[in-house]
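Topology and contacts: notes
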Amino acid sequence: LASEGADPRMLISQQEIGALPRLGDETLRAVQRLPGAAGNGISGLAAIRGGEPGETLILLDGVQLFEPFHLKNFFSPVSLLDSRMMAEMDVYSGGFNARYGTRISAVVDAKSIRPQADRYYELGASLFHTNALASHRFADGDGQLLISGRRSNLDQVAEAVNSDFGEPRYFDAFSRLDYALSPATRVSANYLGSRDKITARRPSRGESAHTEYRNNYAWVSVEHDWSDYATTRAIGSFTDVTNIRSGRIDQIGRIAGSVDDERAFHIASLQLDGTIEMARFLNIWGVTAKQLSANYDYRSDVRFETGYPFVGSPANDSHRA
């Protein structure tokens, strides 16, 4: 009764990511095609092996990304991971080791590309994005600068079709500066950031909403090879994620109200990990220290006029903060 189970680890290369048809050229949508993954056809998030989408750990060059999506409250269709800057993704759908122990569903470990040419430039445009990527090697190949960016074209599409429902605007950028201090030591400074501004309107019902998202990830890593069998890596990182949402409704003689919701959290992290190869064994070790802080500010005001929402209902005011 022998049987072969699916490999819980899958390596997806940049060529494979680019070859798969995906809505909005979304990188993480390639994960939804793996066994055990399920998506709703719009969101870039996937439920893997029955877990919640938020249970999936997403890493970029060793740093954990929190809420790395555009249009977060509108199905999160696009992530911050531009497929053109991705070299490969390791996807663990189960059976991963203790280094990923903060998640129980799945792991997406992405690595940014390192072009081999001394100079490399790329410019592209699609229905969803206008994007650019540039890479430059210097100091006889010991250093490399990589910069990429994307801007949403959805607001232009909405304007072209004369849509009055709103305008989604967002952009993201990634930069990395590498330098080899010696053949055994390499230093890297990285930044990943995004901005979203979304306006939604429903004039027939007097409703409007405005949302802003800001994501900032900055980190510095130092890698050192002690020998052919022992390596270490130290990463210091700072994360800043801010979500601001507001809404208004004004229906004369029925209801008038407003809501403002602002959430932000910050994480300072220092991690050290290493590998040691011994005979037929691979030993992996690491330690991480984090400091977390968060702010939450909420306020809502609403007034129901007499006779709304039901005939005979008295006037009512409600305030929350």
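What counts, and at which threshold
Residues numbered from 1 in each chain as written. Predicted model: local features only at pLDDT ≥ 70, side-chain atom pairs only at ≥ 80, totals over all residues. Heavy atoms only, no water. Helix = DSSP H or I, 4+ residues; strand = E, 2+ residues; numbered from the N terminus. Buried < 20%, exposed > 50% of the residue type's maximum accessible area, 1.4 Å probe, protein only. Contact = heavy atoms within 4.5 Å. Areas by Shrake-Rupley, 256 points an atom, 1.4 Å probe, with all protein chains shown as cover. Lys, Arg positive; Asp, Glu negative; His and termini not counted. Charge placed at Lys NZ, Arg CZ, Asp CG, Glu CD. Polar contact = N/O pair within 3.5 Å; in protein donor to acceptor, adjacent residues only side chain to side chain. Pairing = 2+ DSSP bridges.

Moving on to the overall build of the chain. Each helix and strand in the chain was counted, giving two helices and 19 strands. Expressed as lengths along the three principal axes of its C-alpha atoms, the size of the chain is roughly 80 × 50 × 45 Å. Relative to its 321 residues, the chain shows a buried fraction of 39%. When contacts within the chain are restricted to residue pairs at least 6 apart in sequence, those whose partners lie at least 24 apart make up 56%. Accessible surface, the chain as shown: approximately 17900 Å² in total, 57% of it carbon and sulfur. Considering the chain, the positive charge centre built from 34 side chains and the negative charge centre built from 40 side chains are found 3 Å apart.

Right, let's talk about the side chain of Gln144 for a bit. If you trace the backbone, Gln144 turns up in strand β12 (residues 143-152). Overall, Gln144 belongs to the buried group, its relative accessible area being 5%. The residues contacting Gln144, other than those within four sequence positions of it, are Arg114, Pro115, Ser135, His136, Arg137, Phe138, Arg176, Leu177 and Asp178.

Counting through the fold element by element, Asp172 comes out in strand β13 (residues 166-182). For Asp172, a relative accessible area of 4% translates into the label buried. Within the local environment of Asp172, its side chain forms a polar contact with the side chain of His70, the two groups lying 2.8 Å apart. Among the polar contacts listed, one links the side chain of Asp172 to the side chain of Arg150, at a separation of 2.8 Å. For Asp172, the residues in contact, after removing those within four places along its chain, are His70, Ser79, Leu80, Ser148, Gly149, Arg150, Gly193 and Ser194.

A few words now on the pairing of strand β18 (residues 281-304). When strand β17 (residues 255-278) meets β18, the two strands line up antiparallel, connected through 24 bridges. Bridging from a neighbouring strand, Gly274 pairs with Trp285 of β18. The loop that links β17 with its antiparallel partner β18 comprises two residues; one of these, Ala279, has a positive phi angle of about 50°. Across five bridges, the pairing between β18 and strand β19 (residues 316-320) is antiparallel. By the bridge assignment, Asp301 is partnered in β19 with His319.

Among the structural elements, Gly62 can be located in the loop between β4 (56-60) and β5 (63-64). Sequence separation between Gly62 and Ser221 is 159 residues, and the spatial gap between their C-alpha atoms is 9.0 Å. Setting aside anything within four residues of it in sequence, one finds Gly62 in contact with Arg233, Ile235 and Gln271.

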